[in-house]
Amino acid sequence: MRPAAGAALATLTLTCCALASSRPAQAAAPAGNAPTCVTVWQTTGRITKTGYARNDCGRTLRLNIVWARGTDGECSTVRPGGTISSQVARGVRTFDGADTC
């Protein structure tokens, strides 16, 4: 393969991966210790990634976003239907869902 074609293919592959990962990837069950009625997902941008937790329960919960290899998001009171988020720089940190706090 010619160097120019290889570079174009690598750029196309990275672009496709970046576009695919910018949409919310909803999990069937929350990671962390949040109840199963909490929906969690993350989005990844060019510089940051954001974790989300939506309270689909019928009661108010105290939740925080959990990140591996660093500080978790702050504990927040989330009413039914409410969503919290926490943003970190891209890198080695991974989204681990939501915990009750």
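The text that follows walks through the structure, step by step, so that each part is easy to find. (Residues numbered from 1 in each chain as written. Predicted model: local features only at pLDDT ≥ 70, side-chain atom pairs only at ≥ 80, totals over all residues. Heavy atoms only, no water.)

A short note on the overall build of the protein chain
Thinking step 1. A count of helical and extended segments in the protein chain gives 1 helix and 6 strands.
Thinking step 2. Helices and strands appear in the protein chain in the N-to-C order α-β-β-β-β-β-β.
Thinking step 3. A burial count over the protein chain gives 31% of its 101 residues as buried.
Thinking step 4. Counting only contacts in the protein chain whose residues sit at least 6 apart along the sequence, the fraction spanning at least 24 positions is 49%.
Thinking step 5. Summed over all atoms, the accessible surface of the protein chain reaches about 6300 Å², with 55% contributed by carbon and sulfur. (Helix = DSSP H or I, 4+ residues; strand = E, 2+ residues; numbered from the N terminus. Buried < 20%, exposed > 50% of the residue type's maximum accessible area, 1.4 Å probe, protein only. Contact = heavy atoms within 4.5 Å. Areas by Shrake-Rupley, 256 points an atom, 1.4 Å probe, with all protein chains shown as cover.)

Regarding the sheet that holds strand β3 (residues 61-67)
Thinking step 1. Strand order across the open sheet formed by 3 strands is β4-β3-β6, with antiparallel pairing between neighbours. The sheet terminates laterally at β4 (76-78) and β6 (95-100), the two strands that pair on one side only. Taking each pair of neighbouring strands and ignoring which way they run, the sheet shows an average axis angle of 40°.
Thinking step 2. Pairing geometry for β3 and β4, over 3 bridges, is antiparallel. (Pairing = 2+ DSSP bridges. Axes fitted to C-alpha atoms, helices over the stretch in contact; angles between N-to-C directions.)

The values are spatial; any link to function lies outside them.
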